[in-house]
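Listed below are the residues making up each chain.
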Amino acid sequence: MTDTAHAHSLRQCLTDELRRSGNPHSARWENAFRNVPRERFVSRFTVPTPDGLIEYDVHGSNANQALAAVYSDNTLITRWDSAGTAISSSTTPSLMALMLEQLDAAPGHSVLEIGTGTGYNAALLSTGLGDEAVTTIDVDPVVIENARAALHETGYAPTVIRGDGARGVPGRAPFDRILATCGTHRIPAEWPRQLRPDGVLLVNLSFALVRLEVDEHGHAHGQFADTAAFMNMRHDPNTTEPTARDVLARTSGEPSTTRTATPLPELTDPSVSFLRALLYPRLRQLTLDHASGTEQRLYDTETGAWTRARRNGADSVTLEQHGSRDLWSELTELVTEWHEYGRPEPHHHGLHVRPDGTHVLRVHTPTGPGTVREF
């Protein structure tokens, strides 16, 4: 398939739209978006809509609609696991553009991309920096082979490796930049170690992007910024994440304790969700709406502990719990701390990752930075 005038026109329109929204703002990345044919990397995909999932194929009967979807500012899902959970995609172009700008990579810099996906972002990097500067890694053999084929067919030649991205690529280190296009619960120790001093690491941690700079002693420091939620990094291509149906089933047994407690309406606040996902990465949360009111379910995938919390009006909830952890009390403490610090948003937080892997979360208050947690 060659680049058609229609695809070219749609690509220019999307790039114009991205420019108007603020990113890309540099000529390097604008040129990349104007020239890399996204449809060559995502020819068959699914787009989530409020009315359900829509499947597209740029070679199928809905080719024109598919091409329009390719050049919309949407995430295109390209692969699902056996449980029906999306595990690979081409993310929204506006987020790609934002991350490329925040990465601040220039010719002469070497870049490691964690999470090859479709290969489209690797092609953007290769266009801006040159093939020899770009290394990309993914754990999924099907994803890697499809990306390799698409990159080859479109004339891009970054180094493409199949492996566990958490280990980085020591044979190609040190890098000037590491970009993770997947979500992770913690910064793997190998990533800062594989960066040169003053190198930059950009990653989706919890529900936000964090940009870290590594000093000559191996410490990584930086700030959380824009919200983001990528698919989680996998260490094994056969790993599946618990679905909402799984959480519902595993929290439906007989409780070992029942008590009344104070409601936590803040659990659905984006800033609290950011802290919960960051500090309790194995905790899954599910909200159910009943005729009698809202019910929260919490499930710890590590220990199997769970909580059901049903509202009894404005002032109390009935807690039914099972397992070794009092999840409601832990989250109550978290919400209380959040209030004490002035209800900070994600971008009010900074992160320090020590060489031993310890993460230190800090919050910036009117009186200065304070340490929230070490984890």
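Enquirer: Any chance you could explain the packing of aromatic side chains here in plain terms?
Expert: On inspection of all chains with the given rule, the structure shows 3 aromatic pairs. Taken together, a centroid distance of 5.0 Å and an interplanar angle of 80° make the contact between phenylalanine 224 and phenylalanine 274 edge-to-face. With phenylalanine 224 in strand β11 (residues 220-227) and phenylalanine 274 in helix α9 (residues 270-279), the pair connects residues that are 50 residues apart, well separated along the chain. We note that phenylalanine 224, like phenylalanine 274, is buried.

Enquirer: Mind showing me how you'd approach the sheet that holds strand β16 (residues 317-322) here?
Expert: Within a sheet, neighbouring strands are paired by backbone hydrogen bonds and run either parallel or antiparallel to one another. The strand order β12-β16-β15-β14-β13 describes an open sheet built from 5 strands, whose pairing is antiparallel. Edge positions in the open sheet fall to β12 (257-261) and β13 (283-290), since each of these has one partner strand only. With strand direction ignored, the average angle separating the axes of adjacent strands in the sheet is 20°. Relative to strand β15 (residues 306-311), strand β14 (residues 293-300) runs antiparallel, the two being bridged by 5 bridges. Counted as the bridge partner of tyrosine 299 is tryptophan 306 from β15. Against the sheet, helix α10 (residues 327-340) makes contact with β12, β13, β14, β15 and β16, and its axis sits at roughly 100° relative to β14, the strand it touches most.

Enquirer: Could you clarify how one ought to interpret the environment of leucine 319 in this entry?
Expert: Structurally, leucine 319 can be placed in strand β16. Exposure remark for leucine 319: the relative accessible area of 0% places this residue in the buried category. Setting aside anything within four residues of it in sequence, one finds leucine 319 in contact with Thr257, Thr258, Arg259, Ala261, Thr307, Arg308, Ala309 and Trp328.

Enquirer: I tried to follow the pattern of salt bridges on my own but got confused; where do I start?
Expert: A side chain with one charge may pair with a side chain of the opposite charge, provided their charged atoms come close. All told, the structure shown has 22 salt bridges when counted by the stated rule. Of the charged contacts in the structure, one is a salt bridge between arginine 44 and aspartate 57, with a shortest N-O distance of 3.8 Å. Of this pair, arginine 44 sits in strand β1 (residues 44-49) while aspartate 57 sits in strand β2 (residues 52-57); the two residues are 13 residues apart in sequence, bridging distant segments of the chain. Of the charged contacts in the structure, one is a salt bridge between glutamate 241 and arginine 284, with a shortest N-O distance of 2.9 Å. In this pair, glutamate 241 sits in the loop between β11 and α8 (244-250) while arginine 284 sits in strand β13, placing the two residues 43 residues apart along the sequence. For glutamate 241, a relative accessible area of 28% gives the class partly exposed. The exposure class of arginine 284 is buried, given its relative accessible area of 16%.

Enquirer: Whenever I open this one, helix α6 (residues 141-153) confuses me. Can you help?
Expert: Under the 1.5 Å per step criterion, the end-to-end length of α6 is 18 Å for 13 residues, consistent within 8% with the ideal 18 Å. Regarding α6, the residues found buried are Val143, Ile144, Ala147, Ala150 and Leu151. Taken around the axis of α6, the buried residues stretch over an arc of 135°, which confines them to a single face. Those residues of α6 that are exposed and angled more than 90 degrees off the buried face are Asn146, His152 and Glu153.

Enquirer: In this structure, what is going on with the packing of helix α1 (residues 5-21) against helix α2 (residues 27-35)? I would like to understand it.
Expert: When two helices pack together, their arrangement is given by the angle between the helix axes and the distance between those axes. Here α1 crosses α2 at 150°, and the two axes come no closer than 8 Å. Considered as vectors, α1 and α2 are oriented roughly antiparallel to each other. Between α1 and α2 lies a crossing of right-handed hand. Residues Arg11, Gln12, Thr15, Asp16, Leu18 and Arg19 of α1 lie in contact with α2, whose contacting residues are Glu30, Phe33, Arg34 and Asn35.

Enquirer: Hey, could you run me through the nonpolar core in this one?
Expert: One recurring pattern in soluble globular proteins is that nonpolar side chains are buried together. Within the largest apolar cluster, 47 residues are counted, with the highest numbers of intra-cluster contacts made by Ile114, Ile187, Trp191, Phe224 and Trp328. Discounting residues that sit within four places of it in the chain, phenylalanine 224 has contacts with Leu205, Ala208, Leu209, Val210, Phe274, Leu278, Pro346, His347, His349, Gly350, Leu351 and Leu361. Ranked by size, the runner-up nonpolar core spans 45 residues in total, among them Trp29, Tyr120, Val160 and Leu179.

Cut-offs applied
Residues numbered from 1 in each chain as written. Predicted model: local features only at pLDDT ≥ 70, side-chain atom pairs only at ≥ 80, totals over all residues. Heavy atoms only, no water. Phe/Tyr/Trp six-rings, centres within 6.5 Å; stacked < 30°, edge-to-face > 60°. Helix = DSSP H or I, 4+ residues; strand = E, 2+ residues; numbered from the N terminus. Buried < 20%, exposed > 50% of the residue type's maximum accessible area, 1.4 Å probe, protein only. Pairing = 2+ DSSP bridges. Axes fitted to C-alpha atoms, helices over the stretch in contact; angles between N-to-C directions. Contact = heavy atoms within 4.5 Å. Salt bridge = Lys/Arg side-chain N within 4 Å of Asp/Glu carboxyl O. Expected span 1.5 Å × (residues − 1). Arc of directions from axis to C-beta. Parallel < 35°, antiparallel > 145°, perpendicular 65-115°, else oblique. Left-handed = near helix turned anticlockwise from the far one by under 90°. Core = buried A, V, L, I, M, F, W, Y, C linked by side-chain atoms within 4.5 Å.

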